[in-house]
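# Close look at the chain arrangement
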Amino acid sequence: MSAFLTRNRLIVLAYAGMVVLLLVTALFSPGFLSVSNMRSTVVLAAFVGIVALGQTFVIIGGGIDLSVPWVLNSAAIIMALLCGGQDLPLIWVMPLLLAGGAVIGLVNGVGVARFGVPPIIMTLATNVILQGLILVLTGGSPTPSAPALIQFLSVGRIGGFPVIALIWLALTLVATLLLSKAAFGRHLYALGTSATVAEFSGVPTARTTILTYVASGLTAAFAGMLLTGYSGQAYLGMGDAYLFTSIAAVAIGGASILGGSGHYLGTVAGAMVLTILTGLLPALNLSSGALLIVYGAVILLTVSIGSEAFAGLGGRLRRN
Amino acid sequence: MDLVTVKGLSKRYGGIVALSDATFSARAGEVHALLGENGAGKSTFIQILSGAVRHDGGSILVDGQDYRPANPDAAQARGIAAVFQELSLIPDLSVEQNIWFRHEPRTWLGTVNRGEMRRKTLALLEKYNFPALRPDRELRRLTLAERQIVEIAKGLAKDPRILILDEATSALPAREADWLLKLTRQLAAEGRLVIFISHRMAEVRAIADRLTIFRNGATVAAHDANAVSDNEIVAQMIGRHLDRLYPERVPTATDRIALRVNNFSSGSRLSAVDFALREGEVLGVGGLQGHGQRELFQALFGAARAAGTVELWGKPVSIGNPRQALIGRDGIALVPEDRRGQGLLLTKSVRENLTLSVINRFTENGLLSRQKESDMVKEMVDFLRIKAGTPEQLAGTLSGGNQQKVIFGKMLLTQARVLLLYDPTRGVDVGTKGEIFQLMRDLAAKGYAILFHSSDMPELVHVADRVMVMRNGRIAATLEGEHISEEGILRAAMLETRAA
Ligand SMILES: Nc1ncnc2c1ncn2[C@@H]1O[C@H](COP(=O)(O)OP(=O)(O)OP(=O)(O)O)[C@@H](O)[C@H]1O
Ligand SMILES: [Mg+2]
């Protein structure tokens, strides 16, 4: 047990932070811990958490995915356009758009792994290209409202539980299995720790890298569709916030931004922390500008705690 | 009076005792060897002396004054500098920038005075007769041996009274190692104290005035070098008598060819090599460093581009990357040269390192079985006697020799029967070296085929069945039987190529 704690110190820390933050928020607004409020917090956190799933994989592998916002946007807008408010088309639109997200991820991954393009450049470029495509496609006009089925997925409930929370739970399970219980996870951590050592050990480095970006494309596209259901409509720019929050959730969750460490379970706590922070805002009567400042400060704080722990480790590594 | 006196020094890391009771004293003007098994605490001791880590208990006196450095700068202020292995160098900086890092000569504007830096670098290299080294080369382009030499220059740049060399010869080829030994004597003659750590008894014999022996974190003996025999030293180091370092060389090679290589080239360093490695054979690869040995090993393993034909167990193969080499029993496995850069995930556990190449073998229906993995890891840790607190200890915190054992274990787990061993005993203590040689012979007897390079020539002479000597990227000669000798290898390495 104590071995588990030291090994996953940063993840445990993230959950501790989440609890503290919950209590602090409850102090300022006593109604915060109510069932209905917790429910809406979890729903909001789920969107961050789902986008951050792929991002977690990418970051553990030593990369970063900046194309998240417009993959999300594109999926949302194209879905709304293709469905025209009807449920039926979803049976082909959803798989199509998930595949689309995967293809964008594939392009990112191949660019990074096969052609050696730095991840920041590669994913930034796909992001901008997608943005351009969507602007051309829609001419900036508003899109029809979201199909009812999608609205059910994102705001509906089953037995009192938000559907999206259940989806998130299922995804968390899958991600945890992949990271902790599958060969893929070992390969991924090895890749992020040292690409050279991984290569020399026979790890399929290129394939593993590509898979992380594919996962990120998938989760961003999926989140885009769900988010349309939540807001009832798709609109340009709805994904913008998720670039920052997806990366921040991973960092708060204890992953090193340099790769090789972290876990999706940490990211889940990170997504919760960020969302609770947002909930603290009305309670403290902070402006949205102030929110951004708090956001930024929290990231700085957690990342520096993380890198402190990292530096400590580095110091302990041997020089024989 | 003694320059350094250490009493009862101790250091623990969590539950692991690195040093329990180290006692040590050394005078100015001597070369003082520090000996001990892998994990005995030598590196920990010098890390404390050089201010890199703090001790828990005991006392250190330097010049009779209490000494407890808070960091390496404080140690340096007292005239103590240590040469660690490649780790403290920065790959993006040039040789000279590394040598003077944080101590760069300045102009009156406070900027780095490049001219002065170059002048001082050349003067330093000249003064100690360094092997050829271009000051403006970027460090990442250097070989392991060259990086080690830069590290030595960096230590000397501080003009220390006490210079500590931790296994500095282990990464050096013969000629450079000789240079370092001479340099060590010269430094002692200048009145400095050199603390010298090495697992090569011959080197210790050649230069040490006195020696101190550690075992399990405590000092077991200190001797004048000429008052004690090799056998006694080894016995005190490992706590038992070592009958022989090199196993008996019973020929086990069969007629079956395990690895046949034709017209095999890679880059500009390896041109059109032909040879055959037989089942049950240990084939040595020797010659002066930089004549294609590294390229041969890397290219065979798929870690470097190559042209030519390769046959494994009679079947032509094309190995474009290490993944295609590591295909189980019929594949090829490598113990790479650079253990930190290519061999080990330093921030991951011994367990994760050991099983990284074969993790797929522990999955059932796609899910890992930790039990199966742990059993296999435990077996390997016991088999190689890897000294780790638990298999969860981070590989980077193991002693150097134990890191090497982990890499060896990782290679064995791949089950490949063609093994490429590039300096597999680097940094390994005498006792374990003997075990590794025995293991190599045992594997050969079981039908493995081993290509073996060592920077320590006697190892080639005593362990290999045949020795290929490389020169300018070609095989200059292949020595067999009684022709295998150090002189024979050297002659072939230096003379014009003759038909072998
Ligand atoms: N940071 C650390 N965390 C845990 N254990 C450590 C750490 N540093 C050293 N140790 C342990 O302390 C012991 C002594 O290690 P040390 O590196 O001093 O041995 P050494 O004599 O230099 O061995 P070698 O000849 O193999 O280099 C080893 O068992 C090692 O695992
Ligand atoms: Mg050591």
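Residues numbered from 1 in each chain as written. Chains lettered and ligands numbered in written order. Predicted model: local features only at pLDDT ≥ 70, side-chain atom pairs only at ≥ 80, totals over all residues. Heavy atoms only, no water.

### As for the domain arrangement of chain B
Residue and element names in this part refer to chain B.
- The domain architecture assigned to chain B consists of domain 1 (4-238) and domain 2 (257-494).
- Using only C-alpha atoms to locate each centre, domain 1 and domain 2 end up separated by 29 Å.
- Each partner contributes residues to the interface: domain 1 has 25 residues there, and domain 2 has 24 residues.
- In total, domain 1 and domain 2 occlude about 1,900 Å² of area from one another, counting both sides; carbon and sulfur atoms represent 51% of this.
- Its largest share of buried area at the contact with domain 2, domain 1 owes to Asn 38, Leu 144 and His 199, together 28% of the area lost on that side.
- Our count for the domain 1 to domain 2 interface comes out at two salt bridges.
- Across the contact surface, domain 1 and domain 2 share six residue pairs in polar contact (both at pLDDT 80 or more).
- Listing elements by their share of the side of domain 1 that touches domain 2, those giving two or more residues are α5 (144-157), α6 (174-189) and α8 (230-238).
- Looking at the side of domain 1 that touches domain 2, its residues break down into 11 nonpolar, eight polar and six charged. (Domains from an automatic or database assignment. Contact = heavy atoms within 4.5 Å. Buried area = accessible area lost by both parts, 1.4 Å probe. Salt bridge = Lys/Arg side-chain N within 4 Å of Asp/Glu carboxyl O. Polar contact = N/O pair within 3.5 Å; in protein donor to acceptor, adjacent residues only side chain to side chain. Helix = DSSP H or I, 4+ residues; strand = E, 2+ residues; numbered from the N terminus. Nonpolar A, V, L, I, M, F, W, Y, C, P; charged D, E, K, R; others polar.)

### Some remarks on the site of ligand 1
- Taken together, 23 residues lie near ligand 1, and Gly 39, Lys 42, Ser 43, Thr 44 and Gly 401 of chain B sit nearest.
- More than one chain lines the surroundings of ligand 1; the residues nearby belong to chains A and B.
- Here Gly 41 of chain B contributes a backbone N or O atom positioned 2.9 Å from an oxygen atom of ligand 1.
- One of the side-chain N or O atoms of Lys 42 of chain B is found 2.7 Å from an oxygen atom in ligand 1.
- A total of 650 Å² of accessible area belongs to ligand 1 in isolation, and the protein chains cover 97% of it.
- Looking at the shell around ligand 1, the elements that each hand over two or more residues are β2 (16-26), α1 (42-49) and α14 (400-413) of chain B.
- Ranked by the residues each element gives to the shell around ligand 1, the list is headed by α1 of chain B, at three residues.
- Class assignment of the residues belonging to the shell around ligand 1 gives a composition of five nonpolar, 12 polar and six charged. (Near = heavy atom within 4 Å. Areas by Shrake-Rupley, 256 points an atom, 1.4 Å probe, with all protein chains shown as cover.)

### Considerations on α6 of chain B
- For α6 of chain B, with 16 residues, the first-to-last C-alpha span of 23 Å sits near the 22 Å given by 1.5 Å per residue.
- Residues of α6 of chain B that are buried in the fold lie against β3 (31-36), α5, β7 (162-166), β8 (193-197) and α7 (201-207) of chain B. (Expected span 1.5 Å × (residues − 1).)

### Notes on the interface of chain A and chain B
- Every contact between the two is made by 28 residues of chain A and, on the other side, 49 residues of chain B.
- Where chain A abuts chain B, roughly 3,300 Å² becomes buried across the two surfaces, and 58% of that area is made up of carbon and sulfur atoms.
- Along the contact surface separating chain A from chain B lie one salt bridge.
- One can count six residue pairs in polar contact (both at pLDDT 80 or more) joining chain A with chain B.
- Those elements that provide at least two residues to the side of chain A that touches chain B are α8 (163-181), α9 (183-193), α10 (195-200) and α14 (288-316) of chain A.
- Considering each element in turn, the side of chain A that touches chain B owes the most residues, six residues, to α9 of chain A.
- Looking at the side of chain A that touches chain B residue by residue, the classes come out as 11 nonpolar, nine polar and eight charged.

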